[in-house]
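What follows is each chain in one-letter form.
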Amino acid sequence: MSEHVLEVKNLKKVYGIHTASEFETLHYINFTCDNGEFICIMGPSGSGKSTFINNISTIDNPTSGKVYIQGVEIRTMSSNEIGKFRYENLGFIFQDFNLLDTHTIYENIAMPLSLKKVKAALIHDKIQQLAQSMNIDALLKKYPHECSGGQRQRAAICRALVNDPKIIIADEPTGNLDSVNSNELLKLLQQLNQENGVTIIMVSHDSLIASYSTRLIYIKDGLIDQTLERKDMTQEEYFQRIVEINATQSKDVFHQ
Ligand code: ADP
């Protein structure tokens with residue numbers, strides 16, 4: 001069990017149970033992720049990608065089935081334990097940035113470390129290093145409302161990474177970034193994955209972004225429809241295979 005950083009058994013998610021709008025979004029999904037993998041989840045809009053990522057990362061609770069993170073079944077933890085577990089292990093990069101408007105960008109990024117009572121000098125060094133890698137070192141004294149959407153997203157990325165999470169959960173992490181900053185983020189994620197062994201599980205609709213991963217999971221109608229491992233493919237070969245999968249899946253829509 002514990003060699004997998006994540007294990008999902010028969011995960012089912014139903015929204016609106018016992019209402020007229022009851023809808024089964026995920027149908028008994030089984031899935032494992034090993035330590036150090038970089039997984040990209042793709043699939044059509046509404047196929048269940050966000051639901052899946054929320055249910056495997058303590059954000060939401062499955063209707064049935066089990067989710068183990070580092071061998072611990074999430075449902076056996078109290079809400080306090082889940083809070084501590086998230087804060088010690090997980091880094092979230094979502095599209096809604098949730099930065100506090102009353103705090104500067106620096107204070108927002110520092111928050112997870114301030115809570116942990118890390119020394120101010122160490123916090124300073126860590127933030128400088130991350131802010132430089134995300135090109136926001138000139139913005140650290142500004143407030144979120146003084147920054148653009150892309151700048152706020154990059155600040156939220158720094159905050160997600162400042163705690164050195166063991167697992168990064170990212171839902172369309174480049175959604176608000178231009179191509180230069182998308183590329184920077186992907187290089188940073190790849191570096192964290194390859195050099196620091198951080199496990200990454202990311203949703204993206206973009207084949208180029210997906211080509212940075214080590215395994216592709218294609219979700220369709222609430223099920224894992226296809227998987228593709230990069231193995232010894234070059235990034236370009238892997239990218240081409242991902243493009244083909246998406247093209248074939250799109251073609252299927254025309255022939256239904
Ligand atoms: P994706 O991320 O692939 O676009 P989602 O996981 O967001 O898909 O949604 C999958 C399905 O579940 C969609 O039909 C969506 O309408 C439905 N859904 C998602 N969240 C909720 C919710 N909170 N309540 C009811 N239905 C939801």
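Residues numbered from 1 in each chain as written. Predicted model: local features only at pLDDT ≥ 70, side-chain atom pairs only at ≥ 80, totals over all residues. Heavy atoms only, no water.

### What about the overall build of the chain?
When helices and strands are counted, the chain shows 8 helices and 10 strands. Each principal axis of the C-alpha distribution contributes one length, and for the chain these read about 55 × 45 × 40 Å. Residues classed as buried in the chain amount to 48% of the 256 residues present. Considering only contacts within the chain whose residues lie at least 6 apart along the sequence, 69% involve residues at least 24 apart. On the chain, roughly 12,900 Å² of surface is accessible, and the fraction owed to carbon and sulfur atoms is 49%. Of note, the chain has its 25 positive side-chain charges centred 5 Å away from the centre of its 31 negative side-chain charges. (Helix = DSSP H or I, 4+ residues; strand = E, 2+ residues; numbered from the N terminus. Buried < 20%, exposed > 50% of the residue type's maximum accessible area, 1.4 Å probe, protein only. Contact = heavy atoms within 4.5 Å. Areas by Shrake-Rupley, 256 points an atom, 1.4 Å probe, with all protein chains shown as cover. Lys, Arg positive; Asp, Glu negative; His and termini not counted. Charge placed at Lys NZ, Arg CZ, Asp CG, Glu CD.)

### Thoughts on the sheet that holds strand β3 (residues 38–42)
Taken together, 6 strands build an open sheet; the order of strands is β6-β7-β8-β3-β9-β10 and the sheet is mixed. Looking at the sheet topology across the chains shown, the edges are occupied by β6 (90–93) and β10 (223–229). If you compare each strand with its neighbour and ignore which way they point, the axes differ by 15 degrees on average. Pairing geometry for strand β9 (residues 215–220) and β10, over 6 bridges, is antiparallel. (Pairing = 2+ DSSP bridges. Axes fitted to C-alpha atoms, helices over the stretch in contact; angles between N-to-C directions.)

### Thoughts on the packing of aromatic side chains
Applying the stated criterion across every chain yields a total of 2 aromatic pairs. When the ring of F31 is compared with that of F52, the centres are 5.4 Å apart and the planes differ by 80 degrees; the resulting orientation is edge-to-face. Taken together, the positions of F31 in strand β2 (residues 23–34) and F52 in helix α1 (residues 49–55) put the pair 21 residues apart, joining distant regions of the chain. Just as F31 is buried, F52 falls in that class too. (Phe/Tyr/Trp six-rings, centres within 6.5 Å; stacked < 30°, edge-to-face > 60°.)

### Remarks on the site of the ligand
Looking at the ligand, the residues that line it are Y15, F23, T25, P44, S45, G46, S47, G48, K49, S50 and T51. Between the ligand and the protein, one listed contact pairs an oxygen atom with a backbone N or O atom of G46 at 2.7 Å. In this structure, G48 approaches the ligand through a main-chain N or O atom, which is 3.0 Å from an oxygen atom. Protein contacts shield 56% of the accessible area of the ligand, which totals 560 Å² for the unbound molecule. Those elements that place two or more of their residues in the shell around the ligand are β2 and α1. (Near = heavy atom within 4 Å. Polar contact = N/O pair within 3.5 Å; in protein donor to acceptor, adjacent residues only side chain to side chain.)

### Section: unusual backbone geometry
The backbone of H18 shows a phi angle near 60 degrees, a positive value even though the residue is not glycine. Positive phi outside glycine occurs at T58, with the angle close to 75 degrees. Relative to the helices and strands, T58 resides in the loop between α1 and β4 (64–69).

### As for the packing of helix α3 (residues 105–115) against helix α5 (residues 149–161)
Running from N to C, α3 and α5 point in directions that differ by 25 degrees, and their axes come no closer than 7 Å. In terms of their interaxial angle, α3 and α5 are classed as roughly parallel. In this structure, the crossing between α3 and α5 has a hand that is right-handed. Residue-level contacts link I105, N108, I109 and P112 of α3 to A155, C158 and R159 of α5. Broken down by class, the residue content of the contact of α3 with α5 amounts to 5 nonpolar, 1 polar and 1 charged. (Parallel < 35°, antiparallel > 145°, perpendicular 65-115°, else oblique. Left-handed = near helix turned anticlockwise from the far one by under 90°. Nonpolar A, V, L, I, M, F, W, Y, C, P; charged D, E, K, R; others polar.)

### A word on the packing of α3 against helix α4 (residues 120–133)
Look at α3 against α4: their axes get within 10 Å of each other, and the N-to-C directions meet at 130 degrees. Between α3 and α4, the angle falls in the class oblique. Of the two elements, α3 crosses α4, and the hand of that crossing is right-handed. Across the interface between the two elements, Y106, I109, A110, L113 and S114 from α3 touch I123, H124, K126 and I127 from α4.

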